[in-house]
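One-letter residues, chain by chain:
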Amino acid sequence: MTTISTSTSTPKAEPTTTQLMDWYRQMSVIRQFEVKCAQSYQQQKIGGFCHLYVGQEAVAVGSIAATRPQDYVITAYRDHGHAIARGMEMTPLFAELYGKASGCSRGKGGSMHFFDAEKNFFGGHAIVGGHIPLAIGLGWAAKYRKEDRVTLCYFGDGAINQGSFHEALNLAGIHKLPCIFMVENNGYAMGTHLHRSSAVTDLKLRTGDAYGIPGKEVDGMDCIAMYQMMRDGIEYCRSGNGSLFLEVKTYRYRGHSMSDPQKYRTKEEVAKYQDHDPIGRLEKLLREKKLLDDGKVAAMNDEIHAAVEKAHEEADGAAFPTTEDIWKDVYAMPFGPYLAR
Ligand SMILES: Cc1ncc(C[n+]2csc(CCOP(=O)(O)OP(=O)(O)O)c2C)c(N)n1
Ligand SMILES: [Mg+2]
């Protein structure tokens, strides 16, 4: 089997200082966006489920930084970070969360269904593992049309024992589709630890012998490591080698969703991971490089805080869909095959 480049075979792509500052900013935006979401959820501005990405920011930011605009991105329901890293503005995201007509999915999708076809961001999917077959559809389309596009597909550790995962990976292996499958292994599927749900917990081994797709492991709390792995991985896929599977080791600091009392883990466990916080790690490096200091950090945080508040206020003041609009885009036929007008 062809192997992708490793640190011993080729030098790693060193990010520029501009990239590092940009990633620090993006991760900080995601974190502050999520903190605001938690507040809005408690104020009952957000209906339905809401899964925050706090702690996992480096995964989306580092990996999407290695893409080109024409590449496809598709993810599960913990999708706020991917949407922001893909360049979606915060106002239509807050509007979506608040059920407003100006939301990115016209207020009918909510937290789990952020979407922006122009940015090749294909959601936001609520069914665990349900979007992995859609990812290979994107991969197949690119290959069939001879388009230079790689598909990035993210999912959680809870998805890897779903039938859809195995069926999709098998097809990706057969057709050598240009797809990178990333399991964001944060250790838990709701309150169930990976050790209780998976017979093999070294996830990078799961696809090599089974589907002919090489597996690699990467530290998802390290934005630079994510970027470097993806630079190599995307190159591997673009060159026609087929798919790649990445086990991304990460951790979420908040509960599974906003209604999770988190009885299945200790505060000490969470604190241990917070010691390796992706934003804190990059900040330390940027301070060492003299690109950040106390004043610059405070100024950037204030500026992001103001942008988050502005986006929230715009969304909060926006209109809900009209009663008539609520029925649009639900079925392909105006009132569906089953409903009489
Ligand atoms: C097919 C299916 N079964 C069950 C659920 C309920 N459910 C929602 S999230 C979740 C846990 C998934 O965990 P994981 O894939 O590890 O993602 P994480 O929440 O850690 O990001 C479950 C079981 C669902 N949405 N879809
Ligand atoms: Mg998980």
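Residues numbered from 1 in each chain as written. Chains lettered and ligands numbered in written order. Predicted model: local features only at pLDDT ≥ 70, side-chain atom pairs only at ≥ 80, totals over all residues. Heavy atoms only, no water.

### Thoughts on the overall build of the chain
- If you tally the helices and strands in the chain, you get 13 helices and seven strands.
- Against the 2.2 N^0.38 benchmark of 20 Å for 341 residues, the chain shows a C-alpha radius of gyration of 20 Å, consistent with a compact globule.
- With respect to the principal axes defined by its C-alpha atoms, the chain has extents near 60 × 60 × 40 Å.
- Expressed as a percentage of its 341 residues, the buried residues of the chain come to 50%.
- By sequence separation, contacts in the chain at least 24 residues apart represent 75% of the contacts at least 6 residues apart.
- Accessible surface for the chain amounts to roughly 16100 Å². Of this, 54% is attributable to carbon and sulfur atoms. (Helix = DSSP H or I, 4+ residues; strand = E, 2+ residues; numbered from the N terminus. Rg over C-alpha atoms; globule rule 2.2 N^0.38 Å. Buried < 20%, exposed > 50% of the residue type's maximum accessible area, 1.4 Å probe, protein only. Contact = heavy atoms within 4.5 Å. Areas by Shrake-Rupley, 256 points an atom, 1.4 Å probe, with all protein chains shown as cover.)

### A few points about the packing of helix α4 (residues 90-97) against helix α12 (residues 294-316)
- Running from amino to carboxyl end, α4 crosses α12 at an angle of 50 degrees, the nearest separation of the two axes being 8 Å. Taken together, the axes of α4 and α12 lie oblique to each other. As for how α4 packs across α12, the hand of that crossing is right-handed. Where α4 approaches α12, its residues Met90, Thr91, Phe94 and Ala95 are matched on the opposing element by Ala307, Val308, Ala311, His312, Glu314 and Ala315.
- Looking at side-chain class alone, the contact of α4 with α12 contains seven nonpolar, two polar and one charged residues. (Axes fitted to C-alpha atoms, helices over the stretch in contact; angles between N-to-C directions. Parallel < 35°, antiparallel > 145°, perpendicular 65-115°, else oblique. Left-handed = near helix turned anticlockwise from the far one by under 90°. Nonpolar A, V, L, I, M, F, W, Y, C, P; charged D, E, K, R; others polar.)

### Quick notes on the coordination of the magnesium ion (ligand 2)
- The magnesium ion (ligand 2) binds to the protein through Asp157 (OD), Asn186 (OD1) and Tyr188 (O), with metal-donor distances spanning 2.1 to 2.2 Å.
- When the donor residues of the magnesium ion (ligand 2) are listed from N- to C-terminus, their spacing reads D-x28-N-x1-Y. (Donors = N, O, S within 2.8 Å, 3.2 Å for Na, K, Ca; no water.)

### Overview of the sheet that holds strand β7 (residues 244-249)
- Strand order in the open sheet formed by five strands is β1-β2-β3-β7-β6, with parallel pairing between adjacent strands. With one partner strand each, in any of the chains shown, β1 (72-74) and β6 (215-219) form the two edges of the open sheet. In this sheet, neighbouring strand axes are inclined to one another by 20 degrees on average, regardless of whether the strands run parallel or antiparallel.
- Where strand β2 (residues 151-156) meets strand β3 (residues 179-185), six bridges bridge the pair, whose relative direction is parallel. Residue pairing for β3: cysteine 153 is matched across the bridge by phenylalanine 181. (Pairing = 2+ DSSP bridges.)

### Some thoughts on the nonpolar core
- Among the nonpolar cores identified, the biggest contains 67 residues, and Phe94, Ile180, Met182 and Met230 are the most heavily contacted of them.
- If we ignore the near neighbours within four places in the chain, the residues touching phenylalanine 94 are Phe33, Lys36, Cys37, Val308, Ala311, His312 and Ala315. (Core = buried A, V, L, I, M, F, W, Y, C linked by side-chain atoms within 4.5 Å.)

### Comments concerning the pairing of β2
- Burial analysis of β2 places five of its six residues in the buried class, the great majority of the element.
- Note on the crossover from β2 through helix α6 (residues 163-175) to β3: the handedness is right-handed. (Right-handed = clockwise from strand over helix to strand, strands pointing away.)

### Focus on the site of ligand 1
- Of all residues adjacent to ligand 1, which total 15 residues, the nearest are Tyr77, Arg78, Gly158, Asn186 and Tyr188.
- Interatomic distance of 2.7 Å between a side-chain N/O atom of arginine 78 and an oxygen atom of ligand 1.
- Histidine 256 has a polar side-chain atom sitting 3.3 Å from an oxygen atom of ligand 1.
- Contact with the protein chains removes 71% of the 590 Å² of surface that ligand 1 exposes when unbound.
- A class-by-class count of the residues in the shell around ligand 1 yields eight nonpolar, five polar and two charged. (Near = heavy atom within 4 Å. Polar contact = N/O pair within 3.5 Å; in protein donor to acceptor, adjacent residues only side chain to side chain.)

### Considering helix α9 (residues 223-238)
- With 16 residues, α9 ought to run about 22 Å at 1.5 Å a step, and its terminal C-alpha atoms sit 22 Å apart, in line with that.
- Most of α9 sits inside the fold, with 13 of its 16 residues counted as buried.
- Between the side-chain oxygen of the N-cap and the backbone nitrogen of isoleucine 224 there are 3.0 Å, and the N-cap of α9 in question is aspartate 222.
- After α9 finishes, the residue glycine 240 shows a positive phi value of roughly 85 degrees. (Expected span 1.5 Å × (residues − 1).)

### Brief notes about the side chain of serine 243
- Mapped onto the elements of the fold, serine 243 is located in the loop between α9 and β7.
- Judged by its relative accessible area of 4%, serine 243 falls in the buried class.
- A polar contact is formed between the side chain of serine 243 and the backbone oxygen of leucine 177, at a distance of 2.7 Å.
- Ignoring any residue separated from it by four or fewer positions in sequence, one finds serine 243 in contact with Ala172, Leu177, Cys179, Phe181, Ile213, Pro214, Tyr236 and Cys237.

### Structural notes on helix α1 (residues 17-42)
- Along its 26 residues, α1 runs 38 Å from first to last C-alpha, staying within 8% of the 38 Å computed at 1.5 Å per residue.
- Directly after α1, the chain includes glutamine 44, whose backbone phi takes a positive value near 60 degrees.

### Some remarks on the environment of alanine 135
- If you trace the backbone, alanine 135 turns up in helix α5 (residues 132-144).
- Among the residues examined, alanine 135 registers a relative accessible area of 0% and is labelled buried.
- For the pair formed by alanine 135 and cysteine 179, sequence separation is 44 residues and the distance between their alpha carbons is 7.5 Å.
- Setting aside anything within four residues of it in sequence, one finds alanine 135 in contact with Ile74, Thr151, Cys153 and Cys179.

### A look at the pattern of salt bridges
- For the structure shown, the criterion picks out 21 salt bridges.
- Residues lysine 45 and aspartate 316 are paired through a salt bridge, measuring 3.2 Å at the closest nitrogen-oxygen approach. With lysine 45 in the loop between α1 and α2 (57-64) and aspartate 316 in helix α12, this pair connects stretches of sequence that are 271 residues apart.
- Where salt bridges share partners, they join Arg68, Asp71, Asp148 and Arg238 into one cluster. (Salt bridge = Lys/Arg side-chain N within 4 Å of Asp/Glu carboxyl O.)

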